[in-house]
Amino acid sequence: MRVVTTAQTQELDVQPTPLALLLLGREADPRSERGVECPGDLPSPSDPDLVERARAAKEKLGDKVFVLGHHYQRDEVIQFADVTGDSFKLARDAAARPEAEYIVFCGVHFMAESADILTGDDQKVVLPDLAAGCSMADMATAEQVAECWDVLTEAGVAEQVVPVSYMNSSADIKAFTGKHGGTICTSSNAQRALEWAFKQGKKVLFLPDQHLGRNTAVRDMGMSLEDCVLYNPHKPNGGLTVEQLRDAKMILWRGHCSVHGRFSVDSVNDVRARIPGVNVLVHPECKHEVVEAADYVGSTEYIIKALEAAPAGSKWAIGTELNLVRRLANRFASEDKEVVFLDKTVCFCSTMNRIDLPHLVWTLESLAEGNLVNRIEVDRETEQFAKLALERMLALP
C-alpha cells in the first residue's frame, strides 16, 4: 500500500517534523496501534465559520466530490456527507459514482483503502486525517499473518484452512485472504461467509476480530466454544499446540474492537436495573458473554432498522459507538423511544473522531484549489488480490 500526501503550506523558516505532521493528520505511522484510547466527551463544536467554509468549498467542487460519512462520525462532519452508512456500504456507494473525481472518506484508513480498491483508476480517494486508523485492523499485520500461515503449514493443516477476513482489516490482509482462496465478510453477512468457507475447507482462519468470529460460529451456527481456538501473534506458534490446531474448526485471530470490547456483562446488568423493561441491543464485535446477555445482536445497519421498527414507548440500551447512539437517541426522541448508551463510561472511537470539521474544511478547500491532499492509493498487486476476496463476498448466496 502506498500513501501519497500533498499539503499546501505557506513558506516557513522551519520544516515540520514527522511527529508534527502525524499530529496534524498529514502523515501516518503504519507501525502504530491506534484507536485504543477513551478520551471521554468530545470538545465543543468547531468555529461556526468553518461550517460556511465547508459549504462553500463543497459547492465549488460540485459533482467532482463525493463525501462519505461513516455512522460513527461526529455530527459536525456527518452533516456534509452525501451518503452515510457502514464501511462496505460506503465503499460500494463510492464505486457507484464514477463521475466523482474525488472521494472524501470520513471514516478510517482501512475504509478508504476499500473505497480505492472498488473505485475506478481515475478516481482519487482522500482521507481528511491520515492518523485516523483502526486499532482492530492494526492488530493483524501482513508479516504476522504470513507467519501464522507458516505455523499452520508446519502443523499440516494449512490445506484445510480457508481464511475469512472481516471488512475491518487492511488491504494487505484482504489481499492475503484473496491469495489463499478466502473471502471477506461484514458483520451482516459473517454467517453466510462462514457457511461458504466450510464448504471449501474444514477449518477457518478468522481475521482480525475474535469476537465476531466466535459469536457467529457459536451463537449463529451452533458450534461450541471448544471448536474455537485463539491464535496470539505475539506468542510462539500463536500460543497453540499442533493438536489444538488440528482439532479446531475456528482459528480466531487475537484482535478486537477497542470500543465494543469495553462493554461487559456488568454493563448489561446495570442498565437492566436502572431501566426496567429495557431492550439490550449490541454489536457482534462485543465479547461473547455480552452478546449472550443481550436481547438482540446485530450490525450498525441492523441496530438502526431495529429502532426504526420499534414501537413508541420502548426503551433501548445500545452497545456500539457513542456518536451513533447519541444520534439515534436524538432522532427517535420525538417518537417516544428512549435510547441510551449501554455503558456508563463515555467512550467514543478516538480515531474516528480525528476526522473533525477543521480537517474536513482543509481537505475540501485544498481540493477546490486544485491541490490533492491525503490520497489513499493501494498498489496494483495488493488491489488485485484484495478485490478478488471482496468479489467472492459479493458472490455469496
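Basis of the calculations
- Residues numbered from 1 in each chain as written.
- Predicted model: local features only at pLDDT ≥ 70, side-chain atom pairs only at ≥ 80, totals over all residues.
- Heavy atoms only, no water.
- Phe/Tyr/Trp six-rings, centres within 6.5 Å; stacked < 30°, edge-to-face > 60°.
- Helix = DSSP H or I, 4+ residues; strand = E, 2+ residues; numbered from the N terminus.
- Buried < 20%, exposed > 50% of the residue type's maximum accessible area, 1.4 Å probe, protein only.
- Axes fitted to C-alpha atoms, helices over the stretch in contact; angles between N-to-C directions.
- Left-handed = near helix turned anticlockwise from the far one by under 90°.
- Contact = heavy atoms within 4.5 Å.
- Parallel < 35°, antiparallel > 145°, perpendicular 65-115°, else oblique.
- Nonpolar A, V, L, I, M, F, W, Y, C, P; charged D, E, K, R; others polar.
- Core = buried A, V, L, I, M, F, W, Y, C linked by side-chain atoms within 4.5 Å.
- Pairing = 2+ DSSP bridges.
- Salt bridge = Lys/Arg side-chain N within 4 Å of Asp/Glu carboxyl O.

Engineer: Got a sec to walk through the packing of aromatic side chains? Specific residues and values, please.
Structural biologist: Enumeration over the complete set of coordinates arrives at 4 aromatic pairs. Ring geometry for Trp149 versus Phe176: centroids 5.6 Å apart, planes at 80°, classification edge-to-face. Of this pair, Trp149 sits in helix H7 (residues 142-154) while Phe176 sits in helix H8 (residues 171-179), and the two are 27 residues apart along the sequence. For Phe176, a relative accessible area of 11% corresponds to the buried category. With a centroid separation of 5.6 Å and 40° between ring planes, the pair formed by Tyr296 and Trp316 is classed as tilted. Of this pair, Tyr296 sits in strand E12 (residues 296-297) while Trp316 sits in strand E13 (residues 315-319), placing them 20 residues apart in sequence. Judged by its relative accessible area of 34%, Tyr296 falls in the partly exposed class. For Trp316, a relative accessible area of 6% gives the class buried.

Engineer: Run through the packing of helix H4 (residues 87-95) against helix H5 (residues 109-118), naming residues and quoting values.
Structural biologist: The geometry of H4 relative to H5 is characterised by a closest axis approach of 8 Å and an angle of 35° between their N-to-C directions. Our pair here, H4 against H5, has a crossing hand that is right-handed. Residues Ser87, Phe88, Ala91, Arg92 and Ala95 of H4 lie in contact with H5, whose contacting residues are Phe110, Met111, Ser114, Ala115 and Leu118.

Engineer: Mind laying out the packing of H7 against H8, listing which residues take part and the relevant values?
Structural biologist: The N-to-C vectors of H7 and H8 enclose an angle of 25°; their axes lie 9 Å apart at closest approach. By the angle class used here, H7 and H8 are roughly parallel. Taken together, the residues of H8 that come into contact with H7 (itself represented by Ala142, Val145 and Trp149) are Asp172, Ile173 and Phe176. Broken down by class, the residue content of the contact of H7 with H8 amounts to 5 nonpolar, no polar and 1 charged.

Engineer: Could you give me a rundown of the nonpolar core, with the residues and numbers involved?
Structural biologist: If you look at soluble globular proteins, the nonpolar side chains tend to sit buried side by side. Ranked by size, the top nonpolar core spans 109 residues in total, and within it Val104, Phe206, Met250, Val282 and Leu364 carry the most contacts. Top contributing element to this core by residue count: helix H16 (residues 357-368), with 7 residues. Residues in contact with Val104, not counting those within four places in the same chain, are Val65, Phe66, Val67, Leu68, Val126, Pro128, Leu360, Thr363, Leu364 and Leu367. Val161, Phe176, Ile251 and Trp253 belong to the second largest nonpolar core, which has 21 residues in total.

Engineer: Please set out the sheet that holds strand E6 (residues 161-166) residue by residue, giving values where relevant.
Structural biologist: If you trace the 5 strands from one edge of the open sheet to the other, you get E7-E6-E8-E10-E9, paired in parallel fashion. Because the sheet does not close on itself, it has two edges, and the strands there are strand E7 (183-185) and strand E9 (228-231). When the angles between neighbouring strand axes are averaged without regard to direction, this sheet yields 25°. Bridging between E9 and strand E10 (residues 250-253) involves 4 bridges; their strand directions are parallel. Paired with Val229 across the bridge in E10 is Ile251. Lying on the sheet, H8 is in contact with E6, E7 and strand E8 (203-207); it crosses E6 at an angle near 150°.

Engineer: I'd like a description of the pattern of salt bridges, backed by residues and values.
Structural biologist: Counted according to the given criterion, the structure contains 18 salt bridges. Of the charged contacts in the structure, one is a salt bridge between Asp75 and Arg327, with a shortest N-O distance of 2.8 Å. Of this pair, Asp75 sits in helix H3 (residues 75-78) while Arg327 sits in helix H15 (residues 322-332), placing them 252 residues apart in sequence. A salt bridge links Asp129 to Arg354, with the nearest nitrogen and oxygen atoms 3.1 Å apart. In this pair, Asp129 sits in the loop between strand E5 (124-126) and helix H6 (135-138) while Arg354 sits in the loop between strand E14 (338-341) and H16, placing the two residues 225 residues apart along the sequence. Through salt bridges with shared partners, a single network forms among Lys64, Glu101 and Lys124.

Engineer: Would you mind going over the sheet that holds E12 in detail, with residue names and values included?
Structural biologist: If you walk across this open sheet you meet the 4 strands as E12-E11-E13-E14, and the pairing is parallel. Both outer strands of the open sheet, E12 and E14, are each paired with one neighbouring strand and no more. Strand direction decides the pairing type here: E13 and E14, joined by 4 bridges, are parallel. Among the inter-strand pairings, Ile318 is bridged to a residue of E14, identified as Phe341.

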